[in-house]
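Structural overview for review
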Amino acid sequence: MNKIDEKMIGELRDFVAKDKGVVHRHASVAHSELVDVAFLPLTAARLQQPFEIEVETHGITSQERSGRCWMYAVQNILREKVIENCGMKEFRLSGNYLAFYDKLEKSANMMSMAIAHANEDVNARINEYMFNGIGDGGFWEMAVDLVRKYGVVPQSIMPETYQSEHTEQFMKLLNKLLRKNCMALRKAVQSGEDAEAMKQEMLKEIYRMECIAFGEPPVSFDFSYRDAENVFHIDRGITPRMFFEKYIGIDMADYCTLINEPTDRRPLGKLYRFHYIGSMQESNITMLNIPMEELKEACLRQLKDGKPVWFGCDSRSFGSRSHGVWDPDSFAYSELFEADLEDGKKERLESRGSFASHAMILVGVNFDENGKPERWKIENSWGEDVGDKGYFVCSDKYFDDYVYEAIIQKQYLAPKHLALLAQEPETLCPWEI
């Protein structure tokens, strides 16, 4: 086996010395972001045009420095129903409210895992997964569980705090406490103590921590607003669940998760179920893995009917935050480094090189001369200072390669997909998500 020795280093230096372009490329990247050097503005400009189909939405939100994109994408769909039902010009739901209960449920879930697997080796794969801790990221079905159980409230009722918008430090402290708790719960189970009673006391401590950081969620509140005609309305003593039922009323069970992940471990045309990855210990997440063309057709049917689409993608790849563009052809990374950086979707997934890192909503699409999608309009949750006042665009090539999931109402599914949803799903381990 060859190792890096002086001879090899000499060969590497000779190789670079013969390439006169290295010095010039080094000069171009030495004091700049790689994304800015590789960005091709004229190529990206073809994407910055009107869209044939656009779903009207009412304002850009900002998740700030938190991992709540999945939750904001859900709430940006739900808030449109409040605006419609109340005849308002704009409205915001509280991200802080649902995120509070998300962290509480995830904490309970993690500690329940510690109890359930206390007699397995601490280095067992399930315990290794559990001790990775919790984050503030998530999936559509997690938000559905939270909304069903806790309802929603207007942002004015439970506004953001600095901690809810900057979650990194709090999550570190929470995970530190959770790992300590989980070790104590393992020992309790092994020594025959009442671990469930211990968990309940631990949850009190976690609830208090959250109240300090985020404020305590309301049990009931008065909902007042002025409609587009400036008429004042007030609804007194309403609970969060009553608010959802009265002002939103969407059947959250009418949606399903479609994914496109063409791997050997997860063949297409099958329904999969994951346990332990949701907010709640009693919940599962179910996903139907289908070919990309079928996933896109479902998205198009929903968009053409005037409804936005929640979707998940790898936002880290071939994107410019400032320009609001995702498109492999608009970034010349391979040319910049003279290295072939292209790979296939299957290979990226199996090598863990890509995953759905961000969730947003599709609100538009444009077609080429053959009626095929060529670019997609996106409502992001990164604020109005990026992209086109908060709206982004991706090419259809990016959609094919880096979009991994979409949430579709069942009425827009093909009959064969409905049949697959009726089958018993294959259960996979939580770390296989």
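All of the points below concern the structure found in this document. All values derive from a computational prediction rather than experimental measurement.

Rules used throughout
Residues numbered from 1 in each chain as written. Predicted model: local features only at pLDDT ≥ 70, side-chain atom pairs only at ≥ 80, totals over all residues. Heavy atoms only, no water. Phe/Tyr/Trp six-rings, centres within 6.5 Å; stacked < 30°, edge-to-face > 60°. Helix = DSSP H or I, 4+ residues; strand = E, 2+ residues; numbered from the N terminus. Buried < 20%, exposed > 50% of the residue type's maximum accessible area, 1.4 Å probe, protein only. Patch = residues over 30% accessible without salt bridge, like charges linked within 9 Å, V, L, I, M, F, W, Y side chains within 5 Å. Areas by Shrake-Rupley, 256 points an atom, 1.4 Å probe, with all protein chains shown as cover. Salt bridge = Lys/Arg side-chain N within 4 Å of Asp/Glu carboxyl O. Axes fitted to C-alpha atoms, helices over the stretch in contact; angles between N-to-C directions. Parallel < 35°, antiparallel > 145°, perpendicular 65-115°, else oblique. Left-handed = near helix turned anticlockwise from the far one by under 90°. Contact = heavy atoms within 4.5 Å. Nonpolar A, V, L, I, M, F, W, Y, C, P; charged D, E, K, R; others polar. Expected span 1.5 Å × (residues − 1). Arc of directions from axis to C-beta. Pairing = 2+ DSSP bridges. Polar contact = N/O pair within 3.5 Å; in protein donor to acceptor, adjacent residues only side chain to side chain.

**Digging into the packing of aromatic side chains**
- Under the defined criterion, the tally for this structure stands at 25 aromatic pairs.
- Aromatic side chains Phe243 and Tyr247 sit 5.1 Å apart centroid to centroid with 35 degrees between the ring planes, which places their arrangement in the tilted category. Placement of the pair is Phe243 and Tyr247 together in helix 12 (residues 240-247), with a separation of four residues, close to one helical turn.
- Using a relative accessible area of 0% as the deciding quantity, one classes Phe243 as buried.
- Taking relative accessible area as the criterion, Tyr247 reaches 9% and is therefore assigned buried.

**Some words on a nonpolar patch on the surface**
- A cluster of nonpolar residues, Ile4, Ile9 and Leu12, forms a patch on the protein surface that exposes about 290 Å² of accessible area.
- Tracing the backbone through its elements, the reader meets Ile9 in helix 1 (residues 6-17).

**Let's talk about the pattern of salt bridges**
- Inspection of every chain in the model, using the stated rule, returns 30 salt bridges.
- Its salt-bridge partner being Asp400, residue Lys296 comes within 2.9 Å of it at the nearest N-O pair. Pair noted here: Lys296 is in helix 13 (residues 292-304) and Asp400 is in helix 16 (residues 396-402), with a separation of 104 residues, a long-range link.
- Here Lys296 falls in the buried class, since its relative accessible area comes to 3%.
- For Asp400, a relative accessible area of 25% corresponds to the partly exposed category.
- Residue Asp343 is joined to Arg348 by a salt bridge in which the shortest nitrogen-to-oxygen separation is 3.0 Å.
- Given the relative accessible area of 40%, Asp343 is considered partly exposed.

**A few points about the packing of helix 5 (residues 69-86) against helix 8 (residues 140-150)**
- Interaxial distance between helix 5 and helix 8 falls to 9 Å at its minimum, and their mutual angle equals 60 degrees. It follows from the interaxial angle that helix 5 and helix 8 lie oblique. Along this stretch, helix 5 crosses helix 8, giving a crossing that reads as right-handed. For the pair helix 5 and helix 8, the contacting residues are Trp70, Met71, Val74, Ile77 and Leu78 in the first and Trp140, Met142, Ala143, Leu146 and Val147 in the second.
- Class assignment for the residues of the contact of helix 5 with helix 8 results in ten nonpolar, no polar and no charged.

**So, helix 11 (residues 195-214)**
- The end-to-end C-alpha separation of helix 11 is 28 Å, in line with the 28 Å expected for 20 residues at 1.5 Å each.
- Ala195, Lys199, Met202, Leu203, Ile206, Glu210, Ala213 and Phe214 are the residues of helix 11 that are buried. Within helix 11, the buried residues cover an arc of 115 degrees as seen down the axis, which keeps them to one side. Turned more than 90 degrees away from the buried face of helix 11 sit Lys204, Arg208 and Ile212, all of them exposed.
- Residues of helix 11 that are buried sit in contact with helix 6 (95-116), helix 9 (162-165) and helix 10 (168-190).

**Quick word on the pairing of strand 10 (residues 358-367)**
- Among the ten residues of strand 10, ten are classified as buried, and the element is accordingly described as predominantly covered.
- Relative to strand 10, strand 7 (residues 309-313) runs antiparallel, the two sharing five bridges. When the bridges of strand 10 are listed, Gly312 appears paired with Ala359.
- Pairing of strand 10 with strand 11 (residues 373-379), which is carried by six bridges, proceeds in the antiparallel orientation.

**Thoughts on the side chain of Asn96**
- Mapped onto the elements of the fold, Asn96 is located in helix 6.
- Within the structure, Asn96 has its side chain in polar contact with the backbone oxygen of Phe214 (distance 3.0 Å).
- Here Asn96 is in contact with Arg68, Met158, Pro159, Glu160, Thr161, Ser164 and Phe214, once residues within four sequence places are set aside.

**A few points about the pairing of strand 6 (residues 284-289)**
- Across two bridges, the pairing between strand 4 (residues 255-259) and strand 6 is parallel. Within strand 6, the residue paired with Leu258 across the bridge is Leu288.
- The pairing of strand 5 (residues 270-275) with strand 6 spans six bridges and is classified as antiparallel. Opposite His275, over in strand 6, you have Asn284 as the bridge partner.

**Some thoughts on the environment of Leu418**
- Position of Leu418 relative to the elements: it lies in helix 17 (residues 415-421).
- Separated by 148 residues in sequence, Leu418 and Lys270 place their C-alpha atoms 12 Å apart.
- If we ignore the near neighbours within four places in the chain, the residues touching Leu418 are Lys410 and Leu413.

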